[in-house]
Every structure is written in structure tokens, then in C-alpha cells.
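Here are the chains, one letter per residue:
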Amino acid sequence: MTAAVAAPARLTLRMTMNTWLLAINFAAVAMVLGLWWLATGRGWIAPIFLPSPGDVLDAARIKIANGNLLTDVLVSARRVFLGFALAATVSIPLGVVMGVWRPAKAIMDPFVSLLRPLPSITWIPLSILWLGIGELQKVAIVFMGSWIYILLYTYESTRRVDPLLLRAARNLGAGDGAVMWEVILPSALPGIISGLKVTLAISWSCVLTAEMIAAQNGLGALIWQAKDWGNLPLVLVGMLCISLTVLLADWLALRLERLLLPWERGRRG
Amino acid sequence: MAAILTARHVTKSYDTGRAGRVVAVQDLSLDIEEGEFVCLFGASGCGKSTMLGLFAGFIQPTSGEVALRNVPITGIEPRCGVVFQSYALFPWRTVRGNVEFGLKMQGVGRAARRVRAQEFIDLVKLTGFEDRYPIELSGGMQQRVTLARILAASPEVLLMDEPFAALDAMTRQVMQEELLRIHAGNHKTTVFITHSLDEALILSDRIVVMSARPGRIKAVVTNPLSRPRHVAMQITPDYLALKASLWQLVEAELAHQDETSQFVPSPAD
């Protein structure tokens, strides 16, 4: 009752605060853009080091008009999605098993310890040797860069299940199977999903690296080729596009998370 | 009347590493009759929670035996339903989902489950909150869900581990009234742990006074207060006289225990 009465006042306060913060966001961006425009327009910085905002906009317009930009985004996104989905398919079940069955953890531990310090870029020579420079190799690089993180997040989330809930479930008559499906998995799910979100950003950086080294298309190839042609505005377009695409992917992941975890909504306010 | 729950010369000690062995409960024997409401009363560390854990089968006695209907309890015993102080609700299940859990474990079909769960949701006066998640409820309401969840699973004995200790004083009184009402309706055998003499007096048929280190029964007091009871009777002169005499007994027993554990009184005494 009290909460219901107090809520509107607090809500208004929070809204004014949010409006303010949003205004500051915009002002900061506008200031940096203005500085950029001024610095390039007045010739303080030579165009071969930093093109003007207008040039970047023109480059983007051409790329969007002929459809190449969208193709590159889709090509990269497809590689990320395949590698990421493959990594999740392997690592989530494996992580859960490691969490509930110690021998599995003992088997995996040495490999995880050895492989974890390797950035995915170090797999590029071997992956090209084994798989060539086609789609499969890009997907493999994404997979190699992602699976260990998903595995570790899943393992940790599975281990962190509240023992009191396990007791309560057994006290209510749950057997081993029910404890797994009704308690361990739902309890680990928020942790697994936040692990997936973190890993998704890592997967994107993997695909870009792979594309910069050996690819005909994709966002990584776009900026690398643009560099070779000395087309700096296009490099910036590529970078901006990568940012926006990863942001969009994050936003989609957040939507999906809220859909899958209705009980967590209250916690985030 | 026959004893439904028994403890025979139960000792439980823990190996605490450097501190050596701690005896939580020593040579404790107790018979709990069918339909009886027994309060285990004592300060923290007196082993009352250990007793509850033994009755629930969460832990096993070091020596001696606990039994339900003369059958030793050797594992987690769903016929002894536990109400935890910290609720232990499944955060990913709604109120209805939590209350249905025990029934689902018993293999009750979806439709029958829903009907039965509704009965107990109504009983604890949570009608209208069926689709809320635990996080959206106050502490008192969460404890109502726990109570409904365990009652719906229809255990033979209710084990309540200081269930209202985390609630504010007013909510606690309301919950005590609710419990009196529910117990008057179903006469479920209940073992209720508390460190509040008022709570023990208002709820119990018998009060088992325990002393600490090692946990032992110091006195068993039959509660002379007639039923039906209400929290309001806690201000009647009869009640206060009873409480005073019981408090004297408890004090005397605890003082006696201090002597036996080589308590050295200061010269001022």
C-alpha cells in the first residue's frame, strides 16, 4: 500500500533525472562531433589522418545505396551466429555436467587451463591449414574464441545453486532428475544467459579478426580492404557499423533475456 | 495417542577442524504425539535447529535414532515437510508454481494440481497473487507461500524452523494467528522452533526447553493455555503470570546448567 502511494513521486523524480542524463548524453556526443567537424574543416588535422564527418557520411551513403554494407553486416552476423550457436550447443551441456559431476570437471580442467590463455587469433594459422579460408574457417575461429567462456560461465552458474533450494526441493519429494530440471537448470539460467551476452561481444571481435586476416567479405574485410585502398572514410564507416551491429545484437540479447527470465524483471527494476 | 515422531538417545556432533568436535545435541530423547504442536524453545546454539535437521533427514545422528512412525529416518524425508526461516521459495516459479511443486513431484496431474494448489493459496489468504513471483512479495507473504507450498504437499509432520523470526513484530503476530487458525483446522503434527517465549506459549501444546553446549532438554512444559487462542490474550493477567512462572523455570534451568558447566559467579553475585 505504502509503496503504491510513494511510487508516483519517486517515478517523477527518476524521470526528471533520466531526462537530464539523456540531455547530457546528447550534449557530449554533439560536442565531440562539433570538435571533429571543426578540426577537420579548419584543417587542424589533415584528411589523410582523419576524414571529415561529411566525407564519412558520403562514404556511408554510397555503401548503403549499392547494398554492399548490408551484405557485409549480414555475412559477418551469419558467421558469428553459427560459431556462437555451435559453441553454446557444446559448452552449455558440458558446463552443466562439469558443475554436477566432478570427474567431468577433472577431465576438462587441464584443457580449459591450456586453451583459455590463447586468443582466438592464434588459431588462425592452424584453422587455415585445416579448413582453408572459407566460411567454415571463420565459424571455427568464432567457436574457438567463444566456447571456453560459455563453458566457464555455465559451470560457475551451475555450482552457485543455493543449497537451501536443493534441500527444499528434495524435502518436497524431488528426485535426482527433478532436482536437475526443476532447480539446478532454472537457477543457473540467469548466469548462463549473462555469460552468453558477454561471450557474444567476444564472438564479434573473433569474426572481425578472422575477416581482417583472410576474407573476401564481411565487416572486418571491409575495413581492411578500405585501408589498403587508402579510403579512410570507409574505414570509419566500417568501424561505426561494427559498433552499431554489436549494439543491436546486445539489445536483441537483452530482449531475449527478459523474455526467458520473467522472474528476474523485478530485480532489475 | 501414539508417538508419530521420536528421538531416541540422539547425539549429533560435528568435526569443526581446528576447534575440535562440537556436540550440538547430546543424548536427547523426545516423543511427539500425533496432532501435537510442540515448540522447541532455547537460545541460539542450543541445537534446536540441529534437531529439526535430524527430523527432516537433512543430517544423520552421530548416535541414537530418529524415527517417523517407528521407521528410522535415514535420508531426506518428504513426509516431514520443512518451513524454512528464509522461505527457500523457487524464485523462477510463481506463487502458484511454488505451491504446485510438491504435488508435481508426487505425480499429480496438471488440472488436479491447480485445483489443490488454489485451495491452499486461498487458505493462506493469497488469493489474487497466484501469478506473482516471490521477489514481488513482502516477507510475510513469502512465508505464506512457503506454508501453502508445504501444506499442499500434505506431509505427515510440519517442521518449522523459526519461520517468523525474520518478520517484523506485527506481521509475526498476524502469521501466528494464521498458524493457529490453520492448525485448528487440520491438527497437523507440528514441531516449531523458536527463541521467543511468547511465540512458544501462544502456539504450542508442549514446550521443550533446551539448553546450549551441548544441546539437551532441560524441561518439558505442558502448555495450560486453553484453545482457541488469540494473540490478544498475551496481555491478560493469567497469561502474564504463566509467562513469569515459565520464565523463572527457564532461568533456573539455565542457571543450573551454568553451574554444571563450571560457571564461576562474580563476587557481586
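Coordinates for the structure precede this section.
Every chain is numbered on its own, with residues counted from 1 as its sequence reads. Think of it this way: whatever chain is written first is A, whatever ligand is written first is 1, and the rest follow in order. This being a predicted model, a pLDDT of at least 70 is required before a residue's local features are given, and a value of 80 or more before pairs of side-chain atoms are given or counted; all residues contribute to the totals for chains, interfaces and linings.

Peer 1: Would you explain the sheet that holds strand S5 (residues 71-72) of chain B in this entry?
Peer 2: As a general point, the strands of a sheet are linked pairwise by backbone hydrogen bonds and lie either parallel or antiparallel. Residue and element names in this part refer to chain B. A pair of strands is considered paired only if DSSP assigns at least 2 bridges between the two. Secondary structure counts use DSSP, requiring at least four H or I residues in a row for a helix and at least two E residues in a row for a strand, with both numbered from the N terminus. Strand order across the open sheet formed by 4 strands is S2-S1-S4-S5, with antiparallel pairing between neighbours. In the strand order of this sheet, the two ends are held by strand S2 (21-33) and S5, each with one partner. For strand S4 (residues 63-68) and S5, the ladder comprises 2 bridges, and the chain directions are antiparallel. By the bridge assignment for S5, alanine 67 is matched with proline 72.

Peer 1: How do you make sense of the interface of chain B and chain A when you look at a structure like this?
Peer 2: The extent of an interface is frequently quoted as the accessible surface area lost upon association of the parts. Across the contact, 20 residues belong to chain B and 14 residues belong to chain A. Counting residues per element, the ones that place at least two in the side of chain B that touches chain A are strand S6 (80-83) and helix H2 (95-105) of chain B. The nonpolar class holds Ala, Val, Leu, Ile, Met, Phe, Trp, Tyr, Cys and Pro. Asp, Glu, Lys and Arg form the charged class, and all remaining residues, Gly among them, are polar. Of the residues that constitute the side of chain B that touches chain A, the class distribution is 15 nonpolar, 4 polar and 1 charged. C-beta atoms are placed from the backbone for every residue, and two residues are taken to be in contact when these atoms lie within 7 Å.

Peer 1: Before we go on, may I ask you to explain the packing of helix H8 (residues 176-213) of chain A against helix H9 (residues 219-228) of chain A in this structure?
Peer 2: All names here are of chain A. Interhelical geometry of H8 versus H9 gives an angle of 45° and a closest axis separation of 7 Å. As the angle between them shows, H8 and H9 are arranged oblique. When you trace H8 past H9, the crossing you get is right-handed. Residues Val207, Leu208, Thr209, Ala210, Glu211 and Met212 of H8 form the contact with H9, whose participating residues are Leu219, Gly220, Ala221 and Trp224. Of the residues in the contact of H8 with H9, the class split is 7 nonpolar, 2 polar and 1 charged. Geometry is summarised by axes, namely lines fitted to C-alpha atoms with helices restricted to the contacting stretch, and by angles between N-to-C directions that run from 0 to 180 degrees. Roughly parallel means an angle under 35 degrees; roughly antiparallel, over 145; roughly perpendicular, 65 to 115; everything else is oblique. In this scheme, a crossing is called left-handed if the near helix is turned counterclockwise away from the far one by less than a right angle; it is called right-handed if the turn is clockwise.

Peer 1: Which parts of the structure should I look at to understand the sheet that holds strand S10 (residues 216-222) of chain B?
Peer 2: Residue and element names in this part refer to chain B. With mixed pairing, the 6 strands of this open sheet are ordered in space as S6-S7-S8-S3-S9-S10. The open sheet terminates on both sides in strands that have one partner only, identified here as S6 and S10. Ignoring which end each strand starts from, the neighbouring axes of this sheet average 20° apart. Two strands pair when backbone bridges link them, and strand S7 (residues 157-161) and strand S8 (residues 189-194) are joined in this way by 5 bridges, in the parallel orientation. Along S8, the bridge assignment pairs methionine 160 with phenylalanine 192.

Peer 1: What should I look at first to understand helix H4 (residues 102-115) of chain A in this one?
Peer 2: The periodicity of an α-helix, 3.6 residues per turn, causes residues three or four places apart in sequence to face the same way. Residues and elements named next belong to chain A. Expected span of a helix, by definition, is 1.5 Å for each gap between consecutive residues, and there is one gap fewer than residues. Taking 1.5 Å per residue, 14 residues should reach 20 Å; H4 reaches 20 Å between its end C-alpha atoms and fits that length. Here the bend at each residue means the angle between axes fitted to two seven-residue stretches, the one ending at that residue and the one beginning there. Methionine 108 marks the point of greatest bend in H4, at about 40°, and the proline proline 110 comes within the next four residues. Put plainly, a residue is buried at 20 or more neighbouring C-beta atoms within 10 Å of its own, exposed at 12 or fewer, and partly exposed in between, counting only other residues' C-beta atoms, which are placed from the backbone. In terms of burial, H4 is a largely surface element, 0 of the 14 residues being buried.

Peer 1: So what exactly am I meant to see when it comes to the pairing of strand S1 (residues 3-15) of chain B here?
Peer 2: Residues and elements named next belong to chain B. Inspection of the sheet shows S1 paired to S2 by 9 bridges, in the antiparallel sense. What sits directly across from alanine 3, in S2, is glutamate 33. Counting the residues that bridge the hairpin from S1 to S2 gives 5 residues, and of these glycine 17 lies at a positive phi of roughly 75°. With 5 bridges connecting them, S1 and S4 associate as antiparallel partners. Residue threonine 6 lies in a different strand from S4, and its bridge partner there is alanine 67.

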